[in-house]
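Chain residues, written in single-letter form:
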Amino acid sequence: MPTNTKDPIKSRKISSANHDELLTVFNRYAHHEYLGQRYMTPHEFLQDYLGYLKGDNIDPTTLNILASLVDLNKDQKITITEFVNFESLLLASDSLYRLAFQLFDRQGQGFITFDDFQYIISATKQFKEFPFNFDSEFVRMHFGVKHQRHITYTEFTQILLDFIDEQTIQTFRKFDKTNVGYISLKNFEMILKELRQYQLSDFISTHLVDIVKFSTSTALPNQISYPYFTAFLQLLSNLESMRKIYLSICEKKAHTYKSSIITKDEFLTEAQHFPRTTPFQIDILFAITHLLHQTNGGKDSSIEYIELQDFDIISANEHLLPYRLRSEIVDEHYKVEHQSISMKLLESGYRFALGSIAGAVGATAVYPIDLVKTRMQNQRSTSIVGERLYRNSIDCFKKVVRHEGVFGLYRGLIPQLVGVAPEKAIKLTVNDFIRDRLTQSDGTITLWAEIVAGGCAGASQVTFTNPLEIVKIRLQVAGELQSVRRPAASEVVRELGLRGLYKGARACFLRDIPFSAIYFPAYAHTKKRFADEHGYNDPKSLFMSGLLAGIPAAGLCTPADVVKTRLQVQARKGQTKYNGLIDAFKKIYIEEGWTAFWKGTGARMFRSSPQFGFTLLTYELLQRALNMDFQGRKLEGSKHVDQEQYSSKSRASIILSANTDHVGGFHLAQATFEGIETRFGLAFPKYKTPTSTEHSSTIPPLTTLLGVNPTQTTAAH
């Protein structure tokens, strides 16, 4: 009997964009028609839609090769069917190999001929520097003596990796002219930086000579033996395996609460369970980390050890490959779904504490504006002697300072801080909690889900907001008339009682639910717009996002705020009294007109916008600084580039597309193209004529080829 139970591991997939969404985007770029079917050319798809290889000096061979990559049927027409299929291809678990196969399968036959293989390899930048011998034993074994064999996809995946090693070995033999099994250190450096640059981290590339001296025999310090040559290359290819060895040791040591530092002896012992790892490779690895610790001031440079963060520095772009980026999103969602109850409680408590601090900071920063706003809203338009105390907000501010002193601007601040801590904390915590639960498996969240999360946050805060607001407002207006004694907060609470503290609660709901439903989605989208090209938000962009999102939220909810203020302020002799929400709306409209509902709009926006700017800025920076991991979702805009171990070159390579037209799998398109070079070293010349960004001594990364700012990439060299 079939079961409906899903394997939680197998079900962890990133969903493709739906067909209607893909069709809408396709029609925006498909300007041609053939036999009643719309299409775009491969060049238009690559340059106009994906935004790659734009310019007048683009190498035509490179343009044609990469354009054919997206033309699955090789008919120079990208139809909606091919558009959808290519998007699915980008989401395939083996997308890197699939796309590389498409690159070589020039005729779209489903197999690769020797001519296809030779054409693509000959077009690479590496071939121009170090021509590959197509009459070698490698070619005869794979394609046959007469080159008659056709290579299938599965065979191609192995050949591609074998080719990388064969190309490097051929180059070693060319430099070893006397066949003694040695090449010079200079030639070794040239091979790595020309043929394996994509596997070199900035640290290894910069300190290569010192690393070699640390890890080779002192008898021949400037000579590289063939075994050392192959061990070094295998280490570069197997750094992820080295990381697994480290994690395996840590897992075994977890119950002992020992240090995360792993010694060389411990590493060698565990490495015996990994047959492709040799002591020679480990010698080189620990020579690299020893130099790293000396350079960066490690814990103890007298012993050989390794730490987890060392792998982030000595690894190249493995963490930027599309499957790693996808798995990071999926794993995060998986952790959120399977987060334990205790972790959920701890995370909520943690966010509540940070929200309290952030709320207090935001409230204190703008409290004088809030006091002015309240007094302006409480000022009636009816003609009672002495009623109109202030001409405008500026006049109100001046008179408060003149008659009550600077501290008069902070009248009622203490109860405000007592209440604002749980108020802002519960609002931020509930919004984050609901957003986490409504976020889809690919890390995205729909607009309706954002609105629901914000609305729930607004509703939850009223429990704390209403008592706080009514006490604060009565204290704020108490200083308006000099003849009236100014009460203490405790006196106001005793006078109101428990029921009185929730007077005007319906108006509070009417204000706070729409406010949060507008504010939090607006903040999330503004934050994305202000993020840099790598999706990172610096403090300035966080503050501006919070400030701008508060303007429409505060302004549009002002009528409800006016009604709430009138209901909560104790009416003086001769002033109109209100019996509930609807009665207040009617009487304000009849006596003062529609304009009364918008009193204090400017002061409200001027107060709420910076308040939430300061609050959200403090909240997010505190989370980044403390960086507590509760196995939940990480903050958007805080990952990757704020980690110091990632160089400017790595930062320039974090290329998850922010283009709103790059839906579904196309969000990963640039990362996938980057992965073709990162994994296989297939780089092509970008320009017809050399430019300042294409140096003969180095191969440009595919991010440069595909239009990423070259100054960011070359800055790391």
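First things first, this report covers the structure right here in the doc.

1. Side note on the overall build of the chain
When helices and strands are tallied, the chain shows 32 helices and 6 strands. Burial analysis of the chain (717 residues in total) assigns 53% to the buried set. Nonlocal contacts in the chain, meaning residues at least 24 apart in sequence, comprise 73% of its contacts between residues at least 6 apart. About 33,000 Å² of surface is accessible on the chain, with carbon and sulfur atoms providing 57% of the total.

2. Here's the deal with the pattern of salt bridges
Summed over all chains, the structure comprises 23 salt bridges. Asp 283 is the partner of Lys 264 in a salt bridge, and the nearest nitrogen-oxygen pair spans 2.7 Å. On the criterion of sequence distance, the pair formed by Lys 264 in helix H15 (residues 264-271) and Asp 283 in helix H16 (residues 279-296) is long-range, its members being 19 residues apart. Given the relative accessible area of 17%, Lys 264 is considered buried. Note that Arg 351 is salt-bridged to Glu 347, the shortest N-O span being 3.2 Å. Linking Arg 351 with Glu 347, this pair stays in helix H19 (residues 341-378), spanning 4 residues, or about one helical turn. Grouping residues by exposure puts Arg 351 and Glu 347 together as buried. Counted as one network, the salt bridges with shared partners bring together Glu 347, Arg 351, Asp 432, Asp 436 and Arg 437.

3. Side note on the packing of aromatic side chains
According to the stated counting rule, one finds 45 aromatic pairs in the structure shown. With a centroid separation of 5.3 Å and an interplanar angle of 45°, the aromatic rings of Phe 117 and Phe 143 are classed as tilted. With Phe 117 in helix H6 (residues 114-123) and Phe 143 in helix H8 (residues 137-143), the pair connects residues that are 26 residues apart, well separated along the chain. According to the relative accessible area criterion, Phe 117 is buried, its value standing at 3%.

4. Focus on the nonpolar core
Ranked by size, the top nonpolar core spans 62 residues in total, and within it Phe 45, Phe 83, Phe 104 and Phe 117 carry the most contacts. For this core, the element with the most residues is helix H5 (residues 95-104), which contributes 7 residues. Leave out the neighbours within four places in its chain, and Phe 117 touches Phe 104, Ile 112, Phe 134, Phe 138, Phe 143, Ile 159 and Phe 163. In this structure, Phe 172, Ala 231, Met 242 and Leu 285 belong to the second largest nonpolar core, which totals 40 residues.

Definitions and cut-offs
Residues numbered from 1 in each chain as written. Predicted model: local features only at pLDDT ≥ 70, side-chain atom pairs only at ≥ 80, totals over all residues. Heavy atoms only, no water. Helix = DSSP H or I, 4+ residues; strand = E, 2+ residues; numbered from the N terminus. Buried < 20%, exposed > 50% of the residue type's maximum accessible area, 1.4 Å probe, protein only. Contact = heavy atoms within 4.5 Å. Areas by Shrake-Rupley, 256 points an atom, 1.4 Å probe, with all protein chains shown as cover. Salt bridge = Lys/Arg side-chain N within 4 Å of Asp/Glu carboxyl O. Phe/Tyr/Trp six-rings, centres within 6.5 Å; stacked < 30°, edge-to-face > 60°. Core = buried A, V, L, I, M, F, W, Y, C linked by side-chain atoms within 4.5 Å.

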